[in-house]
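# Descriptive structure summary
Given next are the chains, with one letter for each unit.
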Amino acid sequence: MESHDIEGAAELTGRRILVVEDDYLVASWLTGILEQWGCRVVGPASTVAEALRLVEEGGFDGAILDVNLRGEQSGPVAETLEARGVPYFFLTGYGSPALLPEALRDRHKLFKPVKASELRMAVQRRLAKR
Amino acid sequence: MSETTRAGPRRSTGISEDWRRSAKRSEAIARAMFAVAVAALLVSAATAVWASARISEAIELVRQSERMTDALEAILARVADAETGHRGYLLTGEERFLEPYHEGLAQADAARREAEALIYEPGRRSLLEDLEAAVDAKIEHMQGTVEIARGGDMDGAIERVRSGEGMRLMTRVRDAAAAMRVDARALLTKRAQELERRSGAALALSVALHALLLAFIVGAFLSFRRMRAIRARLEDRQSLMVQELNHRVRNNLAAMLAIAEHSMHSPGVEGDEKRAACRETMERFLDAFSGRVRAMGVVHTMLSDRKWDDVDLRELVERILEPYRSDGERCVEVSGPPVRTPARAAGPLGATLHELATNAVKHGALRPNRGGDVSVRWRVEPNPGGPDKLHLEWKEHRRNGTLEAPERQGLGTDLILNLTAYELGGKTDLQFEPDGVRCVLEAPLEG
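Now for a description of the structure that goes with this document. (Residues numbered from 1 in each chain as written. Chains lettered and ligands numbered in written order. Predicted model: local features only at pLDDT ≥ 70, side-chain atom pairs only at ≥ 80, totals over all residues. Heavy atoms only, no water.)

### Details of the overall build of chain A
Stated formally: Think of it this way: any DSSP run of H or I at least four residues long counts as a helix, any run of E at least two long counts as a strand, and we number them from the N terminus. When accessible area is computed with a 1.4 Å probe and restricted to protein chains, residues below 20% of their type maximum are described as buried, those above 50% as exposed, and intermediate ones as partly exposed. Residue exposure ignores everything except the shown protein chains as possible cover, and the areas themselves are Shrake-Rupley values with a 1.4 Å probe.
Of regular secondary structure, chain A possesses five helices and seven strands. Secondary structure elements of chain A occur, N-terminal to C-terminal, as α-β-α-β-α-β-β-β-α-β-β-α. Looking at chain A as a whole, 47% of its 130 residues are labelled buried. Summed over its atoms, the accessible surface of chain A is roughly 6,000 Å², and 53% of this surface lies on carbon and sulfur atoms.

Rendered as structure tokens:
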């Protein structure tokens, strides 16, 4: 997309990322851009139930979580990821973290709308391959 | 759009924080007042029980005092009867006069026993003993006189009466009885005064408690009124904030369009030579972009007008398709029963309809000059064990030429195919039939 797409492409290639997002446009944008960077997208999941099912199945290195999924909070998904030691970050439209469980409020967050370059930085930093 | 439109502001800050604190304070005060009121009620109930016990006691005292007076009168009367009897015997020498004498003595004895039983304070016993001693002395004197008379010495007996000793003894009996009556009355008076004092205190306590209760009721009422006022103000403020937010969302959508347009025309974006070559592409981009943003705006306006409650499907369809219906040449027919569309479904359905319409304008029945008709029809299908299902059909009828499926799939088609399924758990069927596109949307009607 931009010049920094080339540099560091290797570190993202083949990385498997779970996308949990209920807005189709945002989900398909995330999927498209992650694939462009060489990642493999798991999902996207649009509900908490679907996301939990995908987490159960495993097979990914990191996750990007929307906070509000059709009126439900993605807290349980985040908790499951924490329990399994899978890195993740939130991508949220809320300015205030008050809707998240206490323990998850200080987790890393990107705020919508987000630029591709910011997203890329977060994926590189936070969703490291293990 | 999804998160901001779905959840209204949940916390307010600033001024409303003061109101919240004030409401909390009122609540604390009301709670404390309630606790004190309950305590006051309990004390008041205990006082009532105590007062009633004291009143029973007082009634018992009065009754006892009356019985004591009766007993004293009975003793006097019976002793007097006995005296009358023994005097009659002395005057006539007839034995039958001794009958009331014996009767009187027996009854006086019974009255004495009753008086003894009524003595409730050890200190009063000495008074009764005085009376009894006087009665005994009198009876002994009468018995002595009767003995002498029976022994035949009638004159000696009469002489004994004449000596005045009998009269003196009778006076002693009367005096002792009177002393006892006076004492009983004094005791009663004392007890009554004591009771009056105590019941006065109880009354004062009761009045104070009731005043306290009344104050609390007034306080609770005021605090209730205050809380209601605060709630009304908070609600006003919240509704104002929601209005402000809606207004801002609309303004931001308008600003987004303006930013897109300005950015496009900015020299930094297009170099002068490339300007002409890019122009057409950029115009197409801006047209597609602003159309989508406009559709978002339409849905947002409808939802905010309805305060995020259900919207009417016909209105949604008509408002989304409005730019394509004003042209007299083209015809969009809209038909279906009234359907309350859940707020959550309005966005995806509106966006899908918008994409269908723009595709029809570009390639299908809504093309200028060579167009045709579009019919949008819907029905609601009951779904046992789940929410009702909306079944909406978009059908284009071209006036000329046949339609072929497009070679590549743009964002519009992507949205038509996936938006409803992904966001609503629905289903889309898109067919490129020779006389025009046919698209069937199915979506659950749940909130």
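### Here we look at the nonpolar core
Residue and element names in this part refer to chain B. For clarity, the threshold we go by: For this analysis, a nonpolar core means a set of buried residues of the types Ala, Val, Leu, Ile, Met, Phe, Trp, Tyr and Cys, connected via side-chain atoms within 4.5 Å. Contact criterion: two residues are considered in contact whenever any of their non-hydrogen atoms come within 4.5 Å of each other.
By size, the foremost hydrophobic cluster in this structure holds 40 residues, and its most contacted members are Leu-313, Leu-321, Val-376, Trp-378 and Trp-394. For this core, the elements supplying multiple residues, two or more each, are α7 (272–305), α8 (313–325), β2 (331–335), α9 (343–362), β4 (372–381), β5 (389–398), α10 (411–424) and β7 (436–444). If we skip the residues at most four places from it in the chain, Trp-394 touches Leu-321, Leu-353, Leu-356, Ala-357, Ala-360, Val-374, Ser-375, Val-376, Val-437, Arg-438 and Cys-439. Of all hydrophobic cores here, the second largest spans 31 residues; its members include Met-68, Ile-75, Ala-177 and Met-180.

### Thoughts on the sheet that holds strand β7 (residues 109–111) of chain A
Residues and elements named next belong to chain A. The following threshold applies: Here, a strand pair is defined by DSSP locating no fewer than two bridges between the strands. Angles run from 0 to 180 degrees between N-to-C directions of axes, and those axes are lines fitted to C-alpha atoms, restricted for helices to the stretch in contact.
With respect to topology, five strands assemble into an open sheet ordered β2-β1-β3-β6-β7, the strand pairing being parallel. The open sheet is flanked by β2 (40–45) and β7, the only strands paired with a single partner. Geometrically, the sheet is characterised by an average inter-axis angle of 20 degrees between neighbouring strands, direction not taken into account. Across four bridges, the pairing between strand β1 (residues 16–20) and β2 is parallel. If you follow Arg-16 over to β2, its bridge partner there is Arg-40.

### With respect to the environment of Val-114 of chain A
All names here are of chain A. Its location among the elements puts Val-114 in the loop between β7 and α5 (116–126). Its relative accessible area of 14% is what places Val-114 among the buried residues. Residues Val-114 and Leu-91, spaced 23 residues apart in sequence, show a C-alpha to C-alpha distance of 8.4 Å. Those residues in contact with Val-114 that sit more than four places away from it in its chain are Trp-29, Leu-91 and Leu-119.

### Concerning a negative patch on the surface
Residues and elements named next belong to chain B. Spelled out, the test is: Exposure above 30% relative accessible area and no salt bridge define the residues that can form patches, which grow by joining like charges within 9 Å and nonpolar side chains of Val, Leu, Ile, Met, Phe, Trp and Tyr within 5 Å. Salt bridges are defined as contacts in which a side-chain nitrogen from Lys or Arg sits within 4 Å of a carboxyl oxygen from Asp or Glu. Under the convention used here, Asp and Glu are negative, Lys and Arg are positive, and both His and the chain ends fall outside the count. Charged side chains are reduced to one point each, which is NZ for Lys, CZ for Arg, CG for Asp and CD for Glu.
A cluster of like negative charges, contributed by Glu-66, Asp-70, Glu-73 and Glu-114, occupies part of the molecular surface. The element that contributes the greatest number of residues to the negative patch is helix α2 (residues 15–92), accounting for three residues. With respect to the element layout, Glu-114 can be found in helix α3 (residues 98–118). Residue class for Glu-114 comes out partly exposed when judged on its relative accessible area of 39%.

### Details of α3 of chain B
Residues and elements named next belong to chain B. Condition: The span expected for a helix works out to 1.5 Å for each residue beyond the first. Throughout, the arc means that of the directions going from the helix axis to the C-beta atoms.
Relative to the 30 Å expected for 21 residues at 1.5 Å per residue, α3 spans 30 Å between its end C-alpha atoms, a close match to the ideal helical length. Looking at α3, one finds that the buried residues are Leu-98, Tyr-101, Gly-104, Leu-105, Ala-108, Ala-111, Arg-112, Ala-115 and Leu-118. Each buried residue of α3 lies within a common arc of 145 degrees when the element is viewed along its axis, so the set occupies one face. The exposed residues of α3 that point more than 90 degrees off its buried face are Glu-99, Arg-113 and Ala-117.

### Points about the layout of surface pockets
Taking a probe equal in size to a water molecule and rolling it over the atoms shows the remaining empty space. All names here are of chain B. Heads up, the rule is: Here a cavity denotes grid points, spaced 1 Å and computed from the protein atoms alone, that fit a 1.4 Å probe unable to get out, and a pocket denotes an open set having protein on both sides within 12 Å along at least 5 of 7 lines; residues with an atom within 4 Å of a point are the lining. Grid points are joined across faces, edges and corners, and a volume is the space filled by probe spheres set on the points. Here the term charged refers only to Asp, Glu, Lys and Arg, the term nonpolar to Ala, Val, Leu, Ile, Met, Phe, Trp, Tyr, Cys and Pro, and the term polar to all other amino acids, Gly among them.
Approximately 930 Å³ is the volume found for the second largest pocket. Lining the second largest pocket are 32 residues, and of these Thr-358, Asn-359, Lys-362, His-363 and Thr-413 lie nearest its centre. By residue number, the principal contributor to the lining of the second largest pocket is α9, which donates eight residues. Taken together, the residues of the lining of the second largest pocket break down into 12 nonpolar, 10 polar and 10 charged.

### Regarding the sheet that holds β5 of chain B
All names here are of chain B. Reading across the sheet, the five strands line up as β2-β4-β5-β7-β6 and stay open at both edges, with mixed pairing between neighbours. Edge positions in the open sheet fall to β2 and β6 (427–433), since each of these has one partner strand only. Going from strand to strand, the sheet's axes swing by 10 degrees on average, the running direction of each strand aside. For β4 and β5, the ladder comprises 10 bridges, and the chain directions are antiparallel.

### Description of unusual backbone geometry
Looking along the chain, the bond that leaves Gly-43 of chain A and enters Pro-44 of chain A is cis, with omega of 0 degrees. Within the secondary structure, Pro-44 of chain A is located in strand β2. Positive phi, normally seen in glycine, also occurs at Trp-308 of chain B, with a value near 60 degrees. Along the chain, Trp-308 of chain B falls in the loop between α7 and β1 (311–312).

### Focus on α10 of chain B
All names here are of chain B. What counts, and what does not: Bend at a residue means the angle formed by two fitted axes: the first through the 7 residues ending at that position, the second through the 7 residues beginning there.
Its 14 residues give α10 an end-to-end C-alpha distance of 19 Å, which sits within 8% of 20 Å, the value for a rise of 1.5 Å per residue. Within α10, the axis deviates most sharply at Asn-418, by approximately 45 degrees. Among the 14 residues in α10, 10 count as buried, and that is most of the element. Taken residue by residue, α10 has Gly-412, Thr-413, Asp-414, Leu-415, Ile-416, Leu-419, Thr-420, Tyr-422, Glu-423 and Leu-424 as its buried positions. Within two residues after α10, Gly-425 carries a phi angle of roughly 70 degrees, on the positive side.

### Section: a nonpolar patch on the surface
Together, Leu-214, Val-218, Phe-221, Leu-222 and Phe-224 of chain B make up a nonpolar patch on the protein surface, roughly 490 Å² of accessible area in all. Inspection of the secondary structure puts Val-218 of chain B in helix α6 (residues 165–265).

### Topic: the pattern of salt bridges
All names here are of chain B. Applying the stated criterion across every chain yields a total of 30 salt bridges over all chains. A salt bridge links Glu-381 to Arg-379; the shortest N-O distance between them is 2.9 Å. Look at Glu-381 and you get partly exposed, because its relative accessible area is 21%. Salt bridges here are not isolated pairs; linked through shared partners, they connect Glu-393, Lys-395, Glu-433, Asp-435 and Arg-438.

### What to know about the environment of Val-146 of chain B
Residues and elements named next belong to chain B. Along the chain, the position of Val-146 falls in helix α4 (residues 125–150). Taking the C-alpha atoms as reference, Val-146 lies 6.9 Å from His-86; in sequence the two are 60 residues apart. Setting aside anything within four residues of it in sequence, one finds Val-146 in contact with His-86, Tyr-89, Leu-98 and Tyr-101.

### Overview of the pairing of β4 of chain B
With five bridges joining them, β2 of chain B and β4 of chain B adopt parallel strand pairing. Its bridge partner lying in β4 of chain B, Val-334 of chain B is registered against Val-376 of chain B.

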